[in-house]
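The lines below spell out each chain.
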Amino acid sequence: MAKKDTTPNLVEQFAEFKEHKNIDKATMMSVLEESFRKVLVGMFGNDANFDVILNPDKGDVQIFQNLVVVPDGEVNDPNVEISLSDAHAAGDPDAEVGEEFTKEIQFIDFGRRAILNLRQTLQSKLLDMQKENVYAKFKDREGELVSGEVYQTWSRETLLLDDEKNEMLLPKSESIPGDFFRKGETVRAVVANVDNKNNNPKITVSRTNENFLRRLFELEVPEIHDGLINIRAVARIPGERAKVAVESYDDRIDPVGACVGVKGSRTHGIVRELRNENIDVINYTSNPSLFIQRALSPAKISSIRLDEEEKKAEVFLRPEEVSLAIGRNGSNIKLASMLTGYVIDVYRDAETPYDEDIYLDEFKDEIDDWVIEALKNMGCLTAKTVLNTSRQDLIEKADLEEETVDNVLAILKAEFEE
């Protein structure tokens, strides 16, 4: 009778685990059986002749021990053998020597220590599984946007909790200058790194990572989310300034206009999230010379010399454009280098036979647009840079006909001769 009264208590002790988060029913059954078998091994030395049958929905657990019937007096190991008379007395009058006899084991009979061992084993396995699940979940989400509630803030890091109470650490070094968080505040960041040293998952998130800016643009610009616009490169000085290079897979869509929005409407929210970080959005191009020109905006470049093998660029500008190219505290040229992957050196224009200079766009009435673009793509943005470039280079590098080059040179020379 005592056995009947105490068995439900055992069920109640383990019922809490069957609904454990992130663990499906099949896995739960496997963990339960493994835990029971571990305790059986500790008690009997072996679990090979035991059957563990459980129903986690109801909490039912049945354990059966399979024994071999041997003649009376020849039982050498009671854990695997049973005498013929004992088999008859246990309720099987037809048992014969050599047959298998199965008897049910009441786990509760093993006492409180066995039950405690089972509970500790089960808790340990579930905790390990939960840690593995957290690690796998966040490892797959590296680079993705997450939100967490501020739980505690220290001098070097902030502890965030997501909706499932998973812990995420935001180091001070991964926070934007000016970030200040209050307990209970919701903070957005990207998963920067996930490790599982000693089966103890550590999730580090970042607000300075370039992927944070990428994910924010995906939220604010439907064309990026839908794959019509692609972010090709991002460069950031967190909290100060950023440059983003975008391209469109649809000729009808202006990628820069779509990302910025009417009067900057689509970047307002991003700028606020980034603590007023200024964002420059430019058109991406595979032409390195033109890409560098765009990356150094708002400065207007006169000419460029590239070393594509060394990834170096020498940029020549009018004196009044140099400060714009460098930017405040060198931010503009630093971001342009980060964005393009080129080491950029800025130089003032050398003196030429021509005292004045005119941008090629001023000659659109006399020179076809496609010719001007071809010249600009090879690094010639002004009339004097074209005139100071050899005729053969203009033919080969701009891929222009000799007649076209001669016509361009004549037009530009006439302008200065006047």
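See the structure above.
Residues numbered from 1 in each chain as written. Predicted model: local features only at pLDDT ≥ 70, side-chain atom pairs only at ≥ 80, totals over all residues. Heavy atoms only, no water.

### Details of the overall build of the chain
In step 1: Looking only at helices and strands, the chain features 15 helices and 15 strands.
In step 2: On C-alpha atoms alone, the chain measures out to a radius of gyration of 37 Å, which is more than a quarter above the 22 Å that the 2.2 N^0.38 rule sets for 418 residues.
In step 3: When its C-alpha atoms are laid out on the principal axes, the chain stretches across 125 × 50 × 35 Å.
In step 4: Taking all 418 residues of the chain together, the buried fraction comes to 43%.
In step 5: Sequence-distant contacts in the chain: of pairs separated by 6 or more residues, those separated by 24 or more amount to 59%.
In step 6: Between the mean site of the 52 positive side-chain charges and the mean site of the 81 negative ones, the chain shows a separation of 8 Å. (Helix = DSSP H or I, 4+ residues; strand = E, 2+ residues; numbered from the N terminus. Rg over C-alpha atoms; globule rule 2.2 N^0.38 Å. Buried < 20%, exposed > 50% of the residue type's maximum accessible area, 1.4 Å probe, protein only. Contact = heavy atoms within 4.5 Å. Lys, Arg positive; Asp, Glu negative; His and termini not counted. Charge placed at Lys NZ, Arg CZ, Asp CG, Glu CD.)

### Here we look at a negative patch on the surface
In step 1: On the surface, a cluster of negative charge is made up of Asp307, Glu308, Glu309 and Glu310.
In step 2: Turning to its location among the elements, glutamate 308 is positioned in the loop between strand S13 (301–307) and strand S14 (312–317). (Patch = residues over 30% accessible without salt bridge, like charges linked within 9 Å, V, L, I, M, F, W, Y side chains within 5 Å. Areas by Shrake-Rupley, 256 points an atom, 1.4 Å probe, with all protein chains shown as cover. Salt bridge = Lys/Arg side-chain N within 4 Å of Asp/Glu carboxyl O.)

### Structural notes on the sheet that holds strand S10 (residues 229–237)
In step 1: If you walk across this open sheet you meet the three strands as S10-S11-S12, and the pairing is mixed. Strands at the two margins of the open sheet, each flanked by one partner only, are S10 and strand S12 (278–283). On average, each strand axis in the sheet is tilted by 20 degrees relative to the strand beside it, whichever way the strands run.
In step 2: When S10 meets strand S11 (residues 241–248), the two strands line up antiparallel, connected through eight bridges. (Pairing = 2+ DSSP bridges. Axes fitted to C-alpha atoms, helices over the stretch in contact; angles between N-to-C directions.)

### Considering the sheet that holds strand S15 (residues 343–348)
In step 1: Strand order in this open sheet of three strands is S13-S14-S15, and the pairing throughout is mixed. In the strand order of this sheet, the two ends are held by S13 and S15, each with one partner. Taking each pair of neighbouring strands and ignoring which way they run, the sheet shows an average axis angle of 20 degrees.
In step 2: The strands touched by helix H9 (residues 288–295) are S13, S14 and S15; relative to S13, the strand with the most contacts, the crossing angle is about 130 degrees.

### Focus: the packing of helix H5 (residues 210–220) against helix H8 (residues 265–273)
In step 1: The geometry of H5 relative to H8 is characterised by a closest axis approach of 9 Å and an angle of 145 degrees between their N-to-C directions. Along this stretch, H5 crosses H8, giving a crossing that reads as right-handed. Touching Phe212, Leu213, Leu216, Phe217 and Glu220 of H5 are Arg266, Thr267, Ile270 and Glu273, all from H8.
In step 2: Across the contact of H5 with H8, the residue classes tally to five nonpolar, one polar and three charged. (Left-handed = near helix turned anticlockwise from the far one by under 90°. Nonpolar A, V, L, I, M, F, W, Y, C, P; charged D, E, K, R; others polar.)

### Looking at the pairing of strand S8 (residues 186–195)
A regular strand carries its side chains on alternate faces of the sheet.
In step 1: Note: strand S5 (residues 145–153) against S8, five bridges, orientation antiparallel. Opposite leucine 145, over in S8, you have valine 190 as the bridge partner.
In step 2: One ladder, built from five bridges, connects S8 with strand S9 (residues 202–206); its direction is antiparallel. Bridge pairing links valine 194 to isoleucine 203 in S9.
In step 3: Here S8 folds back onto S9, and the loop between the two strands holds six residues, one of which, asparagine 198, carries a positive phi near 55 degrees.

### Some remarks on the nonpolar core
In step 1: Counting 25 residues, the largest nonpolar core has Ile292, Leu296, Ile301, Val315, Leu317, Leu339 and Ile344 as its most contacted members.
In step 2: Mapped onto this core, the elements with two or more residues apiece are S10, H9, S13, S14, helix H10 (319–326) and helix H11 (331–340).
In step 3: Broken down by element, the residue count for this core peaks at four residues, all from H11.
In step 4: If we ignore the near neighbours within four places in the chain, the residues touching isoleucine 301 are Ile292, Gln293, Leu296, Val315, Phe316, Leu317, Tyr359 and Leu381. (Core = buried A, V, L, I, M, F, W, Y, C linked by side-chain atoms within 4.5 Å.)

That's the geometry; what it means functionally is another story.
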